[in-house]
Amino acid sequence: MDVEFLGSFTAETLPAPEYPEVAIGGRSNVGKSSFLNTLTGRRGMARVGSKPGMTRTINFFLCGERRILVDLPGYGYSRASRSEQARWAKDIEFYLTGRGNLKGIVLLGDLRHFPTASDTEALDWFLSLGIPLLVVLTKSDKLKAGEVKRRRSQVSGALKGKPIEFAVFSAKTGTGKKEVWGWIEKVMSG
Ligand code: GTP
Ligand code: MG
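Computed from a predicted structure; not experimentally measured. Numbering of residues starts from 1 in each chain and follows the order in which that chain's sequence is written. Key to labels: chains lettered from A, ligands numbered from 1, both in the order written. With the structure being a predicted model, the display of local features is reserved for residues of pLDDT at least 70 and the display and counting of side-chain atom pairs for 80 or more, all residues being used for whole-chain, interface and lining totals. Excluding hydrogens and water, the side-chain values take into account all heavy atoms of the structure.

A. Up close: the environment of Ser189. Think of it this way: any DSSP run of H or I at least four residues long counts as a helix, any run of E at least two long counts as a strand, and we number them from the N terminus. Secondary-structure assignment places Ser189 in helix 5 (residues 177–189). In this structure, the C-alpha to C-alpha distance between Ser189 and Pro20, residues 169 residues apart in sequence, is 8.5 Å.

Given below as structure tokens:
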């Protein structure tokens, strides 16, 4: 797939809506940028960090001919200054609430720990926007098959009754890639 980096933006500089967008949100260091790289098959596309706080702006990627994936800054990056954190929160909120072409949100969580308190907070916030939501539980390569199965049913229980789909993923092995693309295609065509 052709992937083109369209740029880094803040609330003030967001580009005009052009194609359907799906945004990728989640806690800092959970693996959002890695997810994007694996999904698009372009390893170095989004910057991956060994430390949290790698992505500090809203980054747009044109994937294929007419669809855009948006890498959001991670929330809960405690080493950033308060004013920086406030700015990212403002950028994210501005983007998520005023974007007519935003067709879906992917909330990334760590399969080993989901849902943390901040995951639940993000989940409720994203749900309140009324936009289709997919929870992607990443880093599944860090668990044995039996544990993945156990976590899967726990998460399924935790999300029961909520209009949320979820997929197990690994940026390392590519697990879940097809399923995630299926969801993206579905919400973008709707
Ligand atoms: P911020 O931009 O800081 O919010 O972080 P991010 O959510 O974009 O996380 P990033 O993709 O930079 O990854 C953080 C760390 O987790 C890096 O060291 C990645 O290599 C690692 N990582 C991400 N996804 C996976 C995965 O599926 N499996 C494993 N084993 N490591 C992963
Ligand atoms: Mg990132």
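B. Representation of the pairing of strand 2 (residues 21–26) within the structure. For strand 2, a buried count of six out of six residues is recorded, marking the element as mostly surrounded by other parts of the structure. Neither face of strand 2 is left uncovered, since the one carrying Glu21, Ala23 and Gly25 and the one carrying Val22, Ile24 and Gly26 both have all their residues buried. Two strands make a pair as long as DSSP finds a minimum of two bridges between them. In this structure, strand 2 lies alongside strand 4 (residues 68–71), joined through four bridges in parallel fashion. Looking at the pairing, Ala23 lines up with Val70 of strand 4. For every residue, the accessible area (1.4 Å probe, protein chains only) is compared with the maximum for its type, and the residue is labelled buried under 20%, exposed over 50%, or partly exposed between those bounds.

C. Examining the pattern of salt bridges more closely. Salt bridge, as used here: a side-chain nitrogen of Lys or Arg that lies within 4 Å of a carboxyl oxygen of Asp or Glu. Under the criterion given, the structure shown has six salt bridges. For the salt bridge of Lys90 with Glu12, the shortest nitrogen-to-oxygen distance reads 3.2 Å. Highlighted residues: Lys90 in helix 2 (residues 82–97) and Glu12 in the loop between strand 1 (3–9) and strand 2, separated in sequence by 78 residues. By relative accessible area, which is 45% here, Lys90 ends up partly exposed. Notably, a salt bridge pairs Glu165 with Lys186, separated by 2.8 Å at the nearest N-O pair. With Glu165 in strand 7 (residues 165–168) and Lys186 in helix 5, the pair connects residues that are 21 residues apart, well separated along the chain. The class of Glu165 is partly exposed, set by a relative accessible area of 39%. Using a relative accessible area of 45% as the deciding quantity, one classes Lys186 as partly exposed.

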